[in-house]
Number of protein chains: 2
Amino acid sequence: MNLKQLALMLDLSQTTVSRALNGYPEVSEETRRRVADAAKRHGYRPNPSARRLATGKAGMIGYVMPAGGSVDIDPHFVEFLSGLGDYARAHELDLVLSPAEAGDEETTYRRVVANKQVDALYISAPRHADGRIVLAQQLGIPYIVHGRSEGLDFEYPFLDIDNEAAFHSATRLLLQLGHKRIALINGDETQTFAIFRERGVQRALAARELALPPSLVRSVAMTEENGYRATRSLLEQGEAPTAIVCSSLIMALGVVRAVRDLGLTIPRDLSLVAHDDVFPWLKPESFPVPLSTTRSSIRAAGQRIAERLAARISGLETGARGEIWPVDLVVRGSIGGARA
Amino acid sequence: MNLKQLALMLDLSQTTVSRALNGYPEVSEETRRRVADAAKRHGYRPNPSARRLATGKAGMIGYVMPAGGSVDIDPHFVEFLSGLGDYARAHELDLVLSPAEAGDEETTYRRVVANKQVDALYISAPRHADGRIVLAQQLGIPYIVHGRSEGLDFEYPFLDIDNEAAFHSATRLLLQLGHKRIALINGDETQTFAIFRERGVQRALAARELALPPSLVRSVAMTEENGYRATRSLLEQGEAPTAIVCSSLIMALGVVRAVRDLGLTIPRDLSLVAHDDVFPWLKPESFPVPLSTTRSSIRAAGQRIAERLAARISGLETGARGEIWPVDLVVRGSIGGARA
DNA sequence: GAAAGTTTCCAAAGCGCTTTGGCTGACAAT
DNA sequence: ATTGTCAGCCAAAGCGCTTTGGAAACTTTC
């Protein structure tokens, strides 16, 4: 069932039917109703390829996904997807994933935009002065950055959590408990979120005139193994920290294992706070000692981003609006007073 | 730059240019070369919307993704995506995710197919007599099932790992070590893979004339917390098992925690084997006691599925070919002889 | 009651590609 | 010299939608 048939059946022109269906004003209310009825009754659905060819709109949002032998997709991505799906489901919005050689995403970005395959782009895990943002801006396609990038000479739309404040408050809490040597096990330091987190820790320390020496910072890919190694190396050095702030629950698993291997106890010998992105399959409450966390649901962010992307596509949202979400600090048993 | 302009510039008809580019025979070699050159030089790329409208081919593969407030996307999906990306990247194949109300995927399947949005479908996590497979079959769109479904009265193309053999050999190994009460912590029992795994355990036990009583089986969503609970309830009952076979590394985390909470030790008091889907961020070697596993990379499966899907789209693969991958049994420290 | 607006609808021209159904000219066969 | 064949090319018709540029019919205005 296509437009032509439907028009014929209603004894109207394609023009009128199309307009009636798309809410244009030059159609009488009665005709509009007739058309809408018939469309529903016959299950008419405009062919998206044809519509796309005619309008240039795709009805999809795009994500250029880094891929290649050595590239692992972030497990957080699934949570983002769940959130995006929650929103998109109700709005018949699809997401197209275009795999690109990691490092050369540009080609794929250009292809996707030139081909009008998508109406808007989702950009995640931005780095400093991220070229993808510059590109999207310059290609003039709607987009939203999940996270932030610094060093760009223009404003851009984004949604981020307040990583700096989160890690600041976690660190401050540890300081209040008397800790002085606080270590940070961070994610990949080329990622902006990691920079912000380190900054948060530093600021809290600075307020007490303390510093964050490089010997107390580790920046690594967020795996259990890396959490373990980082912790071993931190605790086995001369001036071992009495508290650790950790960028992910997955790494925190490794931290806990290392602490145990060293015959130490949380929170007696070491206090631990980790950032929790809210996975359904791993909860801070289910750590041997319930984990204190800075918490922010990636899934919720996914919902919101889908919503904003949809708004940008339909022109309801414009300009460089940035949204920064506060992060909860949830105190559980994994922190305690520093030992004298 | 579109076909028309390119044709004009070459002083050829659109027909010839189109044919030259698409490898049709009725074009002289020389013309073909001229056309190919010019296309490359001017960076001509056929507009996919137009092509799709004309051919009905989309150049994309689809995945109808269950979504909704209470639905969590499987963390394994990321690994699958990484694999798919590895292949698709080199072939300019995109993946479109269409979120659907969990439980009513049918509407979305129909929409996606009717709209010719995708050329092939990926179907994952099949259940018994899965309706999605029936639907895809009946809609006549190429597809591949990741896993297997029983109770269907037709053959279908799939890729699965040999879950039954994997769990059979794991169980047999435990039996050889002298274990008699072996428990199974399984995934959601409506999933076919879970059924196969249970069957594998049962078969191994049956060979020794042992049974798998319901009291030694748990079927739960694969979270750490559920692994913990299942283990507690298994070990705290009268006839506690001396070995556990577990369907996922994530649940195994919970198993380990529960064992420790009960003051027991692996492998002295309990032997443990888990299935490892090969996550980059959680490895069986990094368990307190290195975990014995049945191992099969979901990522590799993703690559292969992308490849087969591409083959099916281009007509190189047809029919109901099923592929069953063997699973490695990797022995590490988490198993030991049963206590007398 | 004619002029000027309004409302409601339509025919037809794209959007950029593929594909059908020729046409042309060169060469071989008769 | 005539016919047949075939390689190589083309014009034009879709694919199913949106949108431009009218054109009737119907109101309102003076």
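Residues numbered from 1 in each chain as written. Chains lettered and ligands numbered in written order. Predicted model: local features only at pLDDT ≥ 70, side-chain atom pairs only at ≥ 80, totals over all residues.

- As recorded in an unreviewed UniProt entry, chain A goes by Transcriptional regulator and comes from Pseudaminobacter soli.

**So, the protein's contact with DNA strand C**
- Near DNA strand C lie 26 residues; those nearest to it are Thr15 of chain A together with Asn2, Leu3, Ser18 and Ala54 of chain B.
- Within the residue set of the surface near DNA strand C, elements represented by two or more residues are helix H2 (14-21) and helix H4 (48-55) of chain A together with helix H1 (3-10), helix H2 (14-21) and helix H4 (48-55) of chain B.
- Per element, the largest residue contribution to the surface near DNA strand C is five residues, and it comes from H4 of chain B.
- Residue classes in the surface near DNA strand C are distributed as nine nonpolar, 13 polar and four charged. (Near = placed C-beta within 6 Å. Helix = DSSP H or I, 4+ residues; strand = E, 2+ residues; numbered from the N terminus. Nonpolar A, V, L, I, M, F, W, Y, C, P; charged D, E, K, R; others polar.)

**Quick word on the sheet that holds strand E8 (residues 243-246) of chain B**
Residue and element names in this part refer to chain B.
- Read from one edge of the open sheet, six strands run E7-E6-E8-E9-E10-E12, paired in mixed fashion. Only two strands of the sheet have a single neighbouring strand rather than two, namely strand E7 (217-219) and strand E12 (328-330). Neighbouring strand axes in the sheet, compared pairwise and without regard to direction, differ in orientation by 15° on average.
- The pairing of strand E9 (residues 271-276) with strand E10 (residues 292-295) spans four bridges and is classified as parallel. Its bridge partner being in E10, Asp276 is matched across the sheet by Arg295.
- Here helix H9 (residues 192-207) sits on the sheet and contacts strand E6 (182-186), E7 and E8; the angle it forms with E6, its principal contact strand, is near 175°.
- Along the sheet face, helix H11 (residues 249-261) touches E6, E8 and E9 and points at about 160° away from the line of E9. (Pairing = 2+ DSSP bridges. Axes fitted to C-alpha atoms, helices over the stretch in contact; angles between N-to-C directions. Contact = placed C-beta atoms within 7 Å.)

**Quick word on the nonpolar core**
- Counting 90 residues, the largest nonpolar core has Leu272 of chain A together with Leu272 of chain B as the members making the most contacts within it.
- When neighbours within four sequence positions are excluded, Leu272 of chain B is seen to be in contact with Ile244, Cys246, Ala252, Val255, Ile266, Leu291, Ser334 and Ile335 of chain B.
- Membership of the second largest hydrophobic core comes to 82 residues, among which are Leu97 and Tyr156 of chain A together with Phe80 and Ala88 of chain B. (Core = buried A, V, L, I, M, F, W, Y, C linked by C-beta atoms within 7 Å. Buried ≥ 20, exposed ≤ 12 C-beta atoms within 10 Å, placed from the backbone.)

**Here we look at the relation of the copies chain A and chain B**
- For these two chains of identical sequence, chain A goes onto chain B by a turn of 180° and a shift of 0.0 Å along the axis, with RMSD 0.1 Å. In the structure described here, the two chain copies are related by an operation that fits a two-fold rotation axis. The position closest to the rotation axis in chain A is occupied by the C-alpha of Val96 of chain A, lying 2.1 Å away.
- With an isologous cut-off of 70% or more, the 100% of interface residues of chain A that recur at the interface of chain B puts this contact in the isologous class. (Least-squares fit on C-alpha atoms with pLDDT ≥ 70 in both.)

**Concerning the UniProt feature "domain: HTH lacI-type" (unreviewed entry) in chain A**
- Per the UniProt entry, the sites bearing "domain: HTH lacI-type" (unreviewed entry) are residues 1-55 of chain A in this numbering.
- Annotated as 67% helix and 0% strand, the span residues 1-55 of chain A places its first and last C-alpha atoms 20 Å apart. (UniProt positions renumbered as here; feature names shortened; annotations may be inferred.)

**Comments concerning the sheet that holds strand E8 (residues 243-246) of chain A**
Residues and elements named next belong to chain A.
- With respect to topology, six strands assemble into an open sheet ordered E7-E6-E8-E9-E10-E12, the strand pairing being mixed. Each end of this open sheet is capped by a strand with a single partner; those strands are strand E7 (217-219) and strand E12 (328-330). Taking each pair of neighbouring strands and ignoring which way they run, the sheet shows an average axis angle of 15°.
- Pairing of strand E6 (residues 182-186) with E7, which is carried by three bridges, proceeds in the parallel orientation. Bridge pairing in E7 places Ile185 opposite Arg218.
- The sheet contacts of helix H9 (residues 192-207) involve E6, E7 and E8, and relative to E6 the element is tilted by about 175°.

**Some details on the interface of chain A and chain B**
- Chain A puts 50 residues into the contact, and the matching count from chain B is 50 residues.
- Across the side of chain A that touches chain B, the residue classes break down as 26 nonpolar, twelve polar and twelve charged.
- Note: strand E2 (residues 94-101) of chain A against strand E2 (residues 94-101) of chain B, three bridges, orientation antiparallel. By the bridge assignment for E2 of chain B, Val96 of chain A is matched with Val96 of chain B.

**Remarks on H4 of chain B**
Residues and elements named next belong to chain B.
- For H4, the complete set of buried residues consists of Pro48, Ser49 and Arg52. Angularly, the buried residues of H4 cover 100° about the axis, an arc narrow enough to put them on a single face. Residues of H4 that are exposed and angled more than 90 degrees away from the buried face: Ala54 and Thr55.
- Following H4 by one or two positions, Gly56 has its phi on the positive side, about 85°. (Arc of directions from axis to C-beta.)

**Remarks on the packing of helix H10 (residues 224-235) of chain A against helix H11 (residues 249-261) of chain A**
Residues and elements named next belong to chain A.
- Close contact between H10 and H11 brings their axes to 6 Å; oriented N to C, the two are set at 45°. Comparing the axis directions of H10 and H11 gives the class oblique. Remark: the crossing between H10 and H11 carries right-handed chirality. Packed against H10, whose contacting residues are Glu224, Glu225, Asn226, Gly227, Tyr228, Thr231, Arg232 and Leu235, the element H11 presents Ile250, Met251, Ala252, Leu253, Gly254, Val255, Arg257, Ala258 and Val259 at the interface.
- A breakdown of the residues in the contact of H10 with H11 according to their chemical character gives nine nonpolar, four polar and four charged. (Parallel < 35°, antiparallel > 145°, perpendicular 65-115°, else oblique. Left-handed = near helix turned anticlockwise from the far one by under 90°.)

**Structural notes on the protein's contact with DNA strand D**
- As a structural note, the neighbourhood of DNA strand D is formed by 26 residues, with Asn2, Leu3 and Ser18 of chain A together with Thr15 and Thr16 of chain B the closest of them.
- The set of elements that each furnish at least two residues to the surface near DNA strand D consists of helix H1 (3-10), H2 and H4 of chain A together with H2 and H4 of chain B.
- Ranked by residues supplied to the surface near DNA strand D, first place goes to H4 of chain A with five residues.
- Class assignment for the residues of the surface near DNA strand D results in nine nonpolar, 13 polar and four charged.

**Here's the deal with the environment of Arg308 of chain A**
Residues and elements named next belong to chain A.
- Looking at where Arg308 falls in the secondary structure, it is placed in helix H12 (residues 298-313).
- Overall, the presence of 21 C-beta atoms within 10 Å leaves Arg308 in the buried class.
- In sequence terms Arg308 and Ile144 are 164 residues apart; their C-alpha atoms lie 7.9 Å from each other.
- In this view, Arg308 contacts Ile144, Leu159 and Glu317; residues no more than four positions away in its chain are not counted.

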